[in-house]
Amino acid sequence: MTAQSSEPVLRARGITKSFGGQAVLKGIDLDAHRGDVVAILGGSGSGKSTFLRCLNLLEMPDAGTIAIGGTAAPLRYDGKGGARVTDARALNALRARTAMVFQNFNLWAHMTVIDNVIAAPVHVHGVPRAAAIDRAHALLDKVGMAGFAGHWPRQLSGGQQQRVAIARALATDPDLMLFDEPTSALDPERVREVLDLIRALADEGRTMLIVTHEMAFARDVSGQVVHVRDGAIESMGPPEAMFGPDASPVFRAFLSPG
Amino acid sequence: MSGDLAFLADTTLAIARAVPVTVGLFAASAVGATLLGGLLVMAQTRRGTRECARLWIFVFRGTPLLLQIFMVYYGLAALGPIRHGPLWAAFREPLFCAFVAMTCCCSAYIAEVCRAALAAIPAGQIEAALASGMGRWTRLRLIVLPQLVRLALPAYGNELVMMIKSTALASTITVMDVTGVAGQVIAHSYRTLDVFCLAAAVYLGLTGALTAALRYVERRLNPVEGTR
Amino acid sequence: MITDDPAPMLLLGFGPDGWGPALLRGAGLTMALALTAMAIGMVLGAGLAAAGASRVRWLRAAAAVYGLVFRGVPELLVVLLLYFGTPGLLAAGAALLGLADPGSPPAFLTGSIAIGLVSAAYQAEVFRGGMLAVPRGQIEAAIAAGMSPATRFRRVIAPQVLHRVLPPLGNIWQFTLKDSALVAVTGLSELMRVSLVAAGSTRQPFAFFAAAMVLYLVLTSASSALFRLAEARGMRWAGGTGGV
């Protein structure tokens with residue numbers, strides 16, 4: 001079931017979240033259409049990661065609505081500021097249409113590389129095992145990890161693990177890919193190869209939201225740059241505008257401290 | 001001298017005949033305690049049963065097993081519902097009472113081992129499972145349980161070793177396990193050191209075998225030694 | 001549940017028929033027994049840990065064998081061994097030395113030594129781990145600062161080892177406290193024995209065993225609270241992540 005081309009893949013409205021009295025997100029609205037690549041930038045504590053994690057409900061927002069491919073997230077807010085999931089199955093179905101790549105890779109330590117990649121297709125999407133394995137090999141080849149199928153995560157370097165994580169994310173053919181600082185935990189030499197991989201995915205027309213610190217990458221790869229500051233969107237626009245001379249002074253200050 | 005050898009031979013035989021009692025009590029209690037321990041862990045995730053489970057764990061970890069054994073064998077037997085109830089035939093048997101006490105006691109320790117292991121599962125593993133849309137049971141089956149077993153195995157193995165030793169307490173309520181037989185021989189013959197060494201050797205053999213088996217399982221579950 | 005016969009409550013109380021005082025005395029003896037055993041275990045355990053780290057091969061082997069035996073053998077057997085075995089041993093030893101038979105040693109002594117011997121095996125493991133815990137660099141800094149070995153031990157090594165060692169020692173203490181109940185089989189009137197005797201004498205086993213359980217719970221809870229307090233004080237400077 002694919003989203004209509006007019007229907008945004010992601011529609012988030014009024015996402016608000018506090019942690020123990022501290023307001024972290026103050027009502028963020030964001031849309032993403034098919035094929036959009038959105039780079040989300042901001043300082044530490046700006047709320048950008050929290051916002052991303054609200055989109056697949058790893059964090060429960062205190063207020064707001066989220067719709068993936070037109071389907072609304074099954075949330076209800078009770079008066080006490082807490083969110084309740086009204087339909088666990090619908091929630092899982094929603095999450096099944098997204099994929100997340102984590103800063104710390106989060107490959108399942110007790111599974112080999114190939115098992116990591118086929119786990120969701122087989123156990124969530126009901127893909128027959130043999131077909132999933134074939135597709136997994138193709139994906140591992142695509143991310144440059146062919147031949148590592150039988151390896152264990154802890155035998156791999158950070159960059160290798162992240163590439164497997166990307167293959168794992170691609171294996172479910174998601175409508176929306178979420179990248180939470182995918183290169184922040186990598187050695188500088190490894191950052192390049194993962195960024196190149198993400199760039200290739202963008203060129204293929206994947207719909208992606210990328211929280212990142214890599215400014216040059218954001219400028220070159222994204223179609224939309226969003227600057228989050230203090231839990232709200234400070235400014236957003238195409239990279240030419242955001243990185244150009246007419247960008248918001250606050251954003252320009254963020255780009256070049258000191 | 002030959003009298004000594006005959007005595008040792010007789011004692012060894014008597015002790016050997018008691019080994020199945022010890023092993024049987026251990027095996028039954030281990031299964032029971034593991035199942036009950038698992039239930040206790042699950043009970044702690046639901047609001048209604050959480051306090052009951054924590055109370056159970058508190059009581060059975062905070063009191064000596066010997067006292068619990070006496071409580072089951074003597075204490076419960078004095079209660080009307082037990083004495084006249086359908087299970088009386090079972091509760092009259094000292095071996096059954098020892099089994100009940102050990103199961104209840106060790107379930108509390110095993111529950112704590114599992115709780116610690118659950119908490120030790122890196123949050124990222126669960127998040128990745130959530131993010132890929134896995135439902136509760138799928139997550140449990142694919143991610144939580146495999147990691148729980150690997151994390152809990154060393155401490156769980158320790159609990160099993162302690163259980164083998166705990167079976168000796170059944171001898172205080174007339175169960176003729178290895179310690180029961182050894183105590184009987186000591187009381188009659190005053191050959192304390194010899195009999196102690198025989199009995200000790202049996203227990204060391206049992207715990208040694210268990211430890212070796214556990215190490216094998218650990219190796220099978222963690223095929224890659226060391227990290228990068 | 002307990003019958004509504006008021007007798008159990010009277011029997012537990014402090015009146016003329018009450019076993020209350022006896023139970024409390026038993027609890028006191030339990031504490032004394034456990035403390036003695038723990039102390040024995042601490043001294044012996046420290047020695048075993050040192051032996052385990054020594055360069056002398058047979059010392060290391062002896063320590064390893066000790067640990068294997070006393071961690072693998074049921075505590076009850078050790079209690080029985082010491083209780084039934086020491087009179088004969090002492091008599092034989094006295095005969096060898098030409099002395100008069102000293103008779104049987106008090107049950108408190110054999111009991112606390114027995115539990116202490118087992119406790120030592122576990123404490124040795126804890127001390128072994130604790131000794132390895134102090135980062136090499138901190139010791140080097142202390143040497144560079146001109147501290148004498150005694151000062152180094154007192155100011156740098158001991159506090160950090162203590163902090164590392166406190167939680168597992170707390171665990172071992174709980175086990176020692178509960179193992180003290182095993183000494184009941186030798187007739188010593190600690191809490192377990194008193195409750196057993198009272199149960200038999202009054203034919204109210206449920207009430208007395210329940211009372212004993214409550215008393216043990218008081219002892220173990222108070223102990224764990226004290227240990228948590230001590231650990232919390234250590235956390236002041238150790239923190240959770242680094243900063244040591």
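The structure contained in this document is the topic of the report that follows.

Conventions and cut-offs
- Residues numbered from 1 in each chain as written.
- Chains lettered and ligands numbered in written order.
- Predicted model: local features only at pLDDT ≥ 70, side-chain atom pairs only at ≥ 80, totals over all residues.
- Heavy atoms only, no water.
- Helix = DSSP H or I, 4+ residues; strand = E, 2+ residues; numbered from the N terminus.
- Expected span 1.5 Å × (residues − 1).
- Buried < 20%, exposed > 50% of the residue type's maximum accessible area, 1.4 Å probe, protein only.
- Contact = heavy atoms within 4.5 Å.
- Buried area = accessible area lost by both parts, 1.4 Å probe.
- Salt bridge = Lys/Arg side-chain N within 4 Å of Asp/Glu carboxyl O.
- Polar contact = N/O pair within 3.5 Å; in protein donor to acceptor, adjacent residues only side chain to side chain.
- Nonpolar A, V, L, I, M, F, W, Y, C, P; charged D, E, K, R; others polar.
- Axes fitted to C-alpha atoms, helices over the stretch in contact; angles between N-to-C directions.
- Parallel < 35°, antiparallel > 145°, perpendicular 65-115°, else oblique.

### A few points about helix 6 (residues 94-120) of chain B
Here helix 6 of chain B spans 39 Å end to end across 27 residues, near enough to the 39 Å set by a 1.5 Å rise per residue. Among the 27 residues in helix 6 of chain B, 19 count as buried, and that is most of the element.

### Quick word on the environment of Leu206(B)
Residues and elements named next belong to chain B. Along the chain, Leu206 turns up in helix 10 (residues 192-221). For the pair formed by Leu206 and Phe58, sequence separation is 148 residues and the distance between their alpha carbons is 29 Å. Residue contacts for Leu206: discarding those within four places in its chain leaves Thr22, Val23 and Ile164.

### Notes on the interface of chain B and chain C
Interfaces are often sized by the amount of accessible area the parts lose when they come together. In this complex, chain B contributes 33 residues to the contact, which on the side of chain C involves 34 residues. Overall, the association of chain B and chain C removes approximately 3000 Å² of surface from exposure, summing both partners, and the carbon and sulfur fraction of that is 85%. Along the contact surface separating chain B from chain C lie one salt bridge. Across the pair Lys165(B) and Glu75(C) runs a salt bridge whose closest N-O atoms are separated by 3.7 Å. Connecting chain B to chain C are five residue pairs in polar contact (both at pLDDT 80 or more). Of the residues forming the side of chain B that touches chain C, the biggest block, eight residues, is contributed by helix 10 of chain B. Residues belonging to the side of chain B that touches chain C are distributed by class as follows: 22 nonpolar, nine polar and two charged.

### Details of the interface of chain B and chain A
Of the residues lining the interface, 24 residues belong to chain B; the matching set on chain A comes to 25 residues. Around 2100 Å² of area is buried between chain B and chain A when both sides are counted, 60% of it from carbon and sulfur atoms. There are one salt bridge connecting chain B and chain A. Here Arg53(A) makes a salt bridge to Glu127(B), at a shortest N to O gap of 2.7 Å. For the interface between chain B and chain A, the tally reads eight residue pairs in polar contact (both at pLDDT 80 or more). In terms of residue class, the side of chain B that touches chain A is made up of 10 nonpolar, 10 polar and four charged.

### Considering the packing of helix 2 (residues 20-53) of chain C against helix 8 (residues 191-202) of chain C
Residues and elements named next belong to chain C. Look at helix 2 against helix 8: their axes get within 7 Å of each other, and the N-to-C directions meet at 155°. Our classification of the angle between helix 2 and helix 8 gives roughly antiparallel. Residues Ala22, Leu23, Gly26, Ala27 and Thr30 of helix 2 form the contact with helix 8, whose own contacting residues are Leu191, Val194 and Ser195. Class assignment for the residues of the contact of helix 2 with helix 8 results in five nonpolar, three polar and no charged.

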